[in-house]
Amino acid sequence: MNYVIIGGDAAGMSAAMQLVRNDAQADITVLEKGLYYSYAQCGLPYWIGGDIEKEEKLVARDADTYRIKHGIDARTEHEVTSIDVNEKRVIGKNFEIDYDKLLIASGARPFVPDWNNNQLKGIYTLKTIPDAKKIIQRLKGKRRNITVIGGGSIGLEIAENVCKAGHKVRILERSARLAMNFDKEMTDHIHEKAIEKGIQLDLNHDIIGFEGDEEGNVTSVITNLSTCKTDLVIVAVGVRPNTDFLTNTGIHLDEHGAIKVNRYMETNLKDVYAAGDCATHYHRITDKDTYLPLGTHANKQGRIAGLNMCGKPRVFKGIVGTQIYQFFDLTLARTGLSSREIEELGYAYKCVQAKLPHVAAYYPTHEPILIRLQYNEKTGEVLGGQFIGTKGVDKRCDVLATALYHRMTMQDLEELDLGYSPPFNSVWDPLQQTARRRS
């Protein structure tokens, strides 16, 4: 079987390894636009900040490893420009290759709106190792005034790391608050932490464009409210699926431009599959497809696509919307639906919120966790939760994500048998204590 995979990162190589393990006759070609295979995109801010010492730490397997150890024709600098679905042929710059089965795992790219002068030097996005290299090189030598555009998870991670590296940081955000996927009752704590660390927050700022000097370097960001002097800009306002090359193929896309797939990662075209940041994701709570590009989803979807391509049927069970990230000493986590998302769906719901110690209150290492839970007012089914604290956040978020996966109720949460010892927990876990406070 002649398998072709477009994209050499999480989804693409997870699929490729399943083909290697399960089809002894597999002839696998991977077409990667860039130079790097299987690298940790999520680690890039921490490389910029100095927590990761060198780029080699971010690369799980290079192209040569796939070629020599696994017999995969792993190509670099092979950009696909179109697909002939009738002839079952992938076409690129200076190459064409036929397939029996095709996986599109082309990922996503950072989105830069059509702002005035957005091509000035010193305006960056962060998605690849070369992106990070350019930023690291630009930051060398002296303290810089850095503007981060976007206050979501990536923007906050970037802001934290350039701040820790000694630079002066401003966040420009078009909304009234940071981290809009959290409820307002939670984001106030994020604002307080940013200000405590010396980050300037400019909220409700719509970007109009940029000004530069005679050499073409960015010098200012112009918004609807002010002109902000800057030495460097990092844009983190979201991503878009890399699907432009699919024009005229007839493949079905959603409103984001993501490829619509079924639970077997099949597209509407015969023998064409898609997975990862270029594809849709089934959401278990809403029972609908959504677009939430994350590395965890890409790895799972790629694995399942590979199994289905070689005749070992496996269903993608879906996501519940779990995210976690660090902002200085805070851990920010959420899973399920926020209040805004629930309201958009028209569900009748209630919220309960509590601030509780992460271990036994009398134990000397206890730290507070702020917990907010959303649940169905009629059935008691858990719909989502959010967590902010310095310790113990990841454990509670993962417990709640498991509960959401299994459509558990608030009462079910109370009855879970969770580990207890004073250095690790209270006799009632903070998650359970919060659930008990519902009306």
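Predicted model, so just to flag it, every value in this text is computed and none were measured. (Residues numbered from 1 in each chain as written. Predicted model: local features only at pLDDT ≥ 70, side-chain atom pairs only at ≥ 80, totals over all residues. Heavy atoms only, no water.)

Engineer: Hey, could you run me through the layout of surface pockets in this one?
Structural biologist: Rolled over the atoms, a probe as big as a water molecule pinpoints where empty space is left. Volume-wise, the second largest pocket comes out at about 200 Å³. As for the second largest pocket, its lining consists of His189, Glu192, Lys193, Glu196, Leu330, Lys355, Glu367, Pro368, Leu370, Ile388, Gly389 and Thr390. The set of elements that each furnish at least two residues to the lining of the second largest pocket consists of helix 6 (184-196), strand 24 (368-376) and strand 25 (382-389). With four residues, helix 6 is the largest single contributor of residues to the lining of the second largest pocket. (1 Å grid on protein atoms, 1.4 Å probe; cavity = no way out; pocket = protein on both sides within 12 Å on 5 of 7 lines; lining within 4 Å. Points joined across faces, edges and corners; volume = space filled by probe spheres on them. Helix = DSSP H or I, 4+ residues; strand = E, 2+ residues; numbered from the N terminus.)

Engineer: Where do I start with a nonpolar patch on the surface in this structure?
Structural biologist: Among the surface-exposed residues, Tyr362, Tyr420, Val427 and Trp428 lie close enough to one another that they form a single nonpolar patch of about 480 Å² accessible area. On the secondary structure map, Tyr362 appears in the loop between strand 23 (349-357) and strand 24. (Patch = residues over 30% accessible without salt bridge, like charges linked within 9 Å, V, L, I, M, F, W, Y side chains within 5 Å. Areas by Shrake-Rupley, 256 points an atom, 1.4 Å probe, with all protein chains shown as cover. Salt bridge = Lys/Arg side-chain N within 4 Å of Asp/Glu carboxyl O.)

Engineer: Would you explain the pattern of salt bridges in this entry?
Structural biologist: Between side chains of opposite charge, a pair can form as their charged atoms come close. Overall, the coordinates contain 23 salt bridges when judged by the stated rule. With a closest N to O distance of 3.5 Å, Lys164 and Glu160 form a salt bridge. Of this pair, Lys164 and Glu160 both sit in helix 5 (residues 153-164), four residues apart, which is roughly one turn of that helix. Salt-bridge contacts for Arg340 lead to Glu344; the nearest nitrogen and oxygen are separated by 3.5 Å. With a gap of four residues between them, Arg340 and Glu344 both fall in helix 8 (residues 339-345), about one helical turn apart. Among the residues examined, Arg340 registers a relative accessible area of 35% and is labelled partly exposed. (Buried < 20%, exposed > 50% of the residue type's maximum accessible area, 1.4 Å probe, protein only.)

Engineer: Any chance you could explain the sheet that holds strand 9 (residues 123-124) here in plain terms?
Structural biologist: Backbone hydrogen bonds hold the strands of a sheet together, and the pairing may be parallel or antiparallel. Strand order in the open sheet made by the five strands is 9-16-10-11-12, with parallel pairing throughout. On the outer flanks of this sheet lie strand 9 and strand 12 (200-203), each paired with one strand and no other. Two elements, strand 9 and strand 16 (residues 232-235), share two bridges in a ladder whose sense is parallel. The partner of Ile123 across the bridge, within strand 16, is Val233. Most of the contacts of helix 5 go to strand 11 (residues 168-173), to which it runs at about 165 degrees, and overall it touches strand 10 (145-149), strand 11 and strand 16. (Pairing = 2+ DSSP bridges. Contact = heavy atoms within 4.5 Å. Axes fitted to C-alpha atoms, helices over the stretch in contact; angles between N-to-C directions.)

Engineer: Help me out: how do you make sense of unusual backbone geometry in this one?
Structural biologist: Peptide bonds are trans in most cases, and residues, glycine excluded, mostly fall at negative phi. Here the phi dihedral of Met265 falls at roughly 70 degrees; this positive angle occurs in a residue that is not glycine. Within the fold, Met265 resides in the loop between strand 17 (239-241) and strand 18 (272-274). Even without glycine at this site, Arg407 takes up a positive phi of about 55 degrees.

Engineer: When you look at the environment of Asn204 in this model, what are you seeing that I'm missing?
Structural biologist: Inspection of the secondary structure assignment puts Asn204 in the loop between strand 12 and strand 13 (207-212). For Asn204, a relative accessible area of 41% corresponds to the partly exposed category. Excluding its chain neighbours within four sequence positions, the residues that come into contact with Asn204 are Glu173, Arg174, Ser175, Ala176, Asn224 and Leu225.

Engineer: How should the nonpolar core be read in this particular structure?
Structural biologist: Considering soluble globular proteins, one finds that nonpolar side chains tend to be buried as a cluster. Ranked by internal contacts, the top residues of the largest apolar core, which has 49 residues, are Ile72, Val90, Leu102, Leu103 and Ile104. Ignoring sequence-local partners within four residues, the contact set of Val90 consists of Val4, Ile6, Leu31, Val80, Ser82, Phe95, Glu96, Ile97, Tyr99 and Leu102. With 40 residues, the next largest nonpolar core counts Tyr39, Ala159, Phe182 and Leu232 among its residues. (Core = buried A, V, L, I, M, F, W, Y, C linked by side-chain atoms within 4.5 Å.)

Engineer: Even after reading the chapter, I still don't get the UniProt feature "domain: FAD/NAD(P)-binding" (unreviewed entry) in the protein, so can you show me in this structure?
Structural biologist: Sequence positions flagged by UniProt for "domain: FAD/NAD(P)-binding" (unreviewed entry) are, in local numbering, residues 2-301. In residues 2-301, helix accounts for 23% and strand for 27%; the two terminal C-alpha atoms are 20 Å from one another. (UniProt positions renumbered as here; feature names shortened; annotations may be inferred.)

Engineer: For this particular structure, what's the right way to read helix 6?
Structural biologist: Given a rise of 1.5 Å per residue, 13 residues ought to cover 18 Å, and the 19 Å separating the end C-alpha atoms of helix 6 matches this to within 8%. Within helix 6, the full set of buried residues consists of Met186, Thr187, Ile190, His191, Lys193 and Ala194. Down the axis of helix 6, the buried set is contained in an arc of 165 degrees. They therefore lie on one face. Seen from the buried face of helix 6, the exposed residues on the opposite side, beyond 90 degrees, are Glu192, Ile195 and Glu196. In the stretch just after helix 6, Gly198 is the one whose phi turns positive, near 85 degrees. (Expected span 1.5 Å × (residues − 1). Arc of directions from axis to C-beta.)

Engineer: Would you mind going over the UniProt feature "domain: Pyridine nucleotide-disulphide oxidoreductase dimerisation" (unreviewed entry) in the protein with me for this structure?
Structural biologist: Within this structure's numbering, the places UniProt gives as "domain: Pyridine nucleotide-disulphide oxidoreductase dimerisation" (unreviewed entry) are residues 326-426. Counted over residues 326-426, helix gives 26% and strand 35%. Its end C-alpha atoms are 24 Å apart.

Engineer: What exactly am I supposed to notice about a positive patch on the surface here?
Structural biologist: On the surface, Arg21, Arg61, Lys69, Arg303, Arg314 and Lys317 cluster together to form a positively charged patch. Its place among the elements puts Arg21 in helix 1 (residues 10-22). On the basis of relative accessible area, Arg21 is assigned to the exposed category, the value being 54%. (Lys, Arg positive; Asp, Glu negative; His and termini not counted. Charge placed at Lys NZ, Arg CZ, Asp CG, Glu CD.)

Engineer: Looking at this structure, how should I read the environment of Ile171?
Structural biologist: Within the element layout of this structure, Ile171 appears in strand 11. Ile171 sits 22 residues away from Ile149 along the chain, and the two C-alpha atoms are 5.8 Å apart. Once residues lying within four places of it in the same chain are set aside, the contact partners of Ile171 are Val148, Gly150, Gly151, Leu156, Ala159, Leu178, Ile199, Gln200, Leu201 and Asp202.

Engineer: In this structure, what is going on with the packing of aromatic side chains? I would like to understand it.
Structural biologist: Each aromatic ring pair is characterised by the separation of its centres together with the angle its planes make. Summed over the entire model, instances satisfying the criterion amount to five aromatic pairs. For the ring pair Trp115 and Phe210, a centre distance of 5.8 Å and an interplane angle of 70 degrees mean the geometry is edge-to-face. Residue Trp115 is located in the loop between strand 8 (108-110) and strand 9, and its partner Phe210 is located in strand 13; the two are separated by 95 residues in the primary sequence. Judged by centre distance (4.9 Å) and plane angle (65 degrees), the ring pair of Phe327 and Phe328 falls under edge-to-face. Taking the relative accessible area as the measure of exposure, Phe327 reaches 0% and is therefore buried. (Phe/Tyr/Trp six-rings, centres within 6.5 Å; stacked < 30°, edge-to-face > 60°.)

Engineer: Looking at this model, I keep getting lost on helix 7 (residues 295-309). Mind explaining?
Structural biologist: In an α-helix there are 3.6 residues to a turn, and that puts residues three or four apart on one side. A rise of 1.5 Å per residue sets the reference length of helix 7, with its 15 residues, at 21 Å; its end C-alpha atoms lie 21 Å apart and thus fit the reference within 8%. Buried within helix 7 we find His297, Ala298, Gln301, Gly302, Ile304, Ala305, Gly306, Leu307, Asn308 and Met309. Summarising the contacts, the buried residues of helix 7 are in contact with strand 1 (2-6), helix 1, strand 7 (101-104), strand 18 and strand 19 (281-283).

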